[in-house]
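Structure assessment
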Amino acid sequence: MAVLLEEIVHSVELWLKHLRKKPQPYVDPNLDPVLLVPGVAGSILKAVSNDNGKEERVWIRIFGADYKCRTKLWSRFDPSTGTTMSLDPKSSVVVPEDRFGLYAIDVLDPDMIIGRDCVYYFHEMIVEMIKWGFQEGQTLFGFGYDFRQSNRLPKTLERLAAKLELVYNASGGKKITIISHSMGGLLVKCFMCLHSDIFEKYVKNWIAIAAPFQGAPGYVISTFLNGMSFVEGWEQNFFISKWSMHQLLIECPSIYELMSCPSFDWQQIPLLEIWRERLDSEGNSHIILESYPPAENIEIFKEALSSNTVNYDGEIIPLPFNLEILKWANETHEVLSSAKVPSRVKFYNIYGINLETPHSVCYGSEETPVSDLLQLPFFEPKYICVDGDGTVPTESAKADGLNAEARVGVPGEHRGILCDHHVFRILKHWLKADSDPYYNPLNDYVILPTAFEMEKHREKGFQVTSLKEEWEIISEDDQDSVADTKPSVSSISVSHVGDYQSSWAEAHATVIIHPQNEGKQHVELNAISVSVDS
């Protein structure tokens, strides 16, 4: 009896261990490696003490977030090196390399529990790609970087070159697909231009998502004058204030590089508009709307930020609009405009559409005009919007200036597009992580053949061929028709009459498209051809 009980207990223990044991993730050994590159504010940053090496996360965090931003991330630009240096001389800012670089770009505040999705970056894409068979450290890697810096900072580009070599070697010499998001596209484009030999050696494909190739004018204008919030809604109360972010970004070359590209010919010119009170020669007051195109924005920024300062450790530090950074950024724009995709690399572009996106910015109103430009940072901006992803205008994201294999517009929000099922489906196809040859990423649907019949016979000196083929068109967008809607029927006829009777032929086809139901649409083709039997 004791032996049986022991066997029962042992069996139960094995059963419990089986329940607790996590299934091994599926790994596809045939996949090429992928490197994920985030955009502005998309990497965890840590401050490391120069005295004892102690680390603390300074971007992003909940507790003490604003204080840590002001003490550890506030910085000044050094024009001799192109580097923005933290004001704190006792610590250095680094990007963690845990999980082969994925930790820094996955969940930006791993300690956050409530509302955690607001600090997701590549998290859901990483989870999805692991389901497809990608494996961390073998075929899936991340590249976090100090997003305060210029997109062509030599130190950052050197790190990217080293990362590409590491990924190439770790995957057994397979070339890499880079997936960049937002400003990460500018970083990759700079690298491709300045290190084209390395890029071509290690990179097979580059997929840019929501990249501000020609800038994000509305976003940048309001950032310079008012700051920005990384998250919206109630969660922003836990993060860095707009004012602290404003003082941080005013010294960041990366933000200046997001300004409207000086040489780009916009279909709709982005403007900075100001309702101003002016006095005429007789002292009479007039309210007028002034409009400034991108080239003339600079004078407004200079005057509006001329007295901007921060108090750092008791020292008053001036932080005006930085003309040295502007000069550096204009040189970056020149680099970006000359970039070309190497012949053996394929480039793809996914951009956001269908959202109202700030393009021009207006301050003041006829009732409350701006009397002093120093007041601009205290005015609430009003936006004139165009189509885009809420941050980057579609026009900017599409204008990559490169030889692209495909450009696909996806309805989605700038950061939310990274967890969009349409994007996942497109990526899965381009990464060859699916086995669906009928998927069309340009229109995001699947054409599934369901029937095919062909018959041929001779009849009274003619060759007669009949064909019947059916398909199901499957899409995620379910636009069910009304129940009593009839199928759509179309027909087409073609004929060929040559010089001799022996070359005569005629064909007739009928196409029936049934109403869409539950995401599927049935299509029938019936055709017959008759030709002289030679």
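If you look the protein chain up in an unreviewed UniProt entry, it shows as Lecithin-cholesterol acyltransferase-like 4 from Juglans regia.

1. What about the overall build of the protein chain?
Helix and strand counts for the protein chain come out as 13 helices and 23 strands. Put simply, the protein chain has 534 residues, and 49% of those count as buried. Here the analysis covers contacts within the protein chain between residues at least 6 apart in sequence; of these, 71% occur between residues at least 24 apart. Carbon and sulfur atoms make up 53% of the accessible area of the protein chain, which amounts to about 26,900 Å² in all.

2. Focus on the side chain of Arg-148
Within the fold, Arg-148 resides in the loop between strand S7 (140–142) and helix H4 (154–170). Reaching out from Arg-148, the side chain makes a polar contact with the backbone oxygen of Leu-73 at a distance of 2.9 Å. Setting aside residues no more than four positions away along its own chain, Arg-148 makes contact with Lys-72, Leu-73, Ser-75, Thr-84, Ser-86, Val-93, Leu-248, Cys-252, Pro-253 and Ser-254.

3. Digging into the sheet that holds S7
Reading across from one edge, S7-S1-S8-S9-S14-S17 is the order of the 6 strands in this open sheet, with parallel pairing throughout. The open sheet is flanked by S7 and strand S17 (406–411), the only strands paired with a single partner. Going from strand to strand, the sheet's axes swing by 20° on average, the running direction of each strand aside. By the bridge criterion, 5 bridges tie strand S9 (residues 203–209) to strand S14 (residues 346–353) in an arrangement that is parallel. Bridging across to S14, Ile-207 finds its partner in Tyr-348. Helix H13 (residues 421–430) contacts strand S8 (176–181), S9, S14 and S17 of the sheet and is inclined by roughly 160° relative to S17.

4. A short note on the packing of helix H7 (residues 217–226) against helix H8 (residues 242–249)
The N-to-C vectors of H7 and H8 enclose an angle of 105°; their axes lie 8 Å apart at closest approach. Considering the angle they form, H7 stands roughly perpendicular to H8. Residue-level contacts link Thr-223, Phe-224, Leu-225 and Asn-226 of H7 to Lys-242, His-246 and Leu-249 of H8. For the contact of H7 with H8, a count of residues per class yields 3 nonpolar, 3 polar and 1 charged.

Criteria and thresholds
- Residues numbered from 1 in each chain as written.
- Predicted model: local features only at pLDDT ≥ 70, side-chain atom pairs only at ≥ 80, totals over all residues.
- Heavy atoms only, no water.
- Helix = DSSP H or I, 4+ residues; strand = E, 2+ residues; numbered from the N terminus.
- Buried < 20%, exposed > 50% of the residue type's maximum accessible area, 1.4 Å probe, protein only.
- Contact = heavy atoms within 4.5 Å.
- Areas by Shrake-Rupley, 256 points an atom, 1.4 Å probe, with all protein chains shown as cover.
- Polar contact = N/O pair within 3.5 Å; in protein donor to acceptor, adjacent residues only side chain to side chain.
- Pairing = 2+ DSSP bridges.
- Axes fitted to C-alpha atoms, helices over the stretch in contact; angles between N-to-C directions.
- Parallel < 35°, antiparallel > 145°, perpendicular 65-115°, else oblique.
- Nonpolar A, V, L, I, M, F, W, Y, C, P; charged D, E, K, R; others polar.

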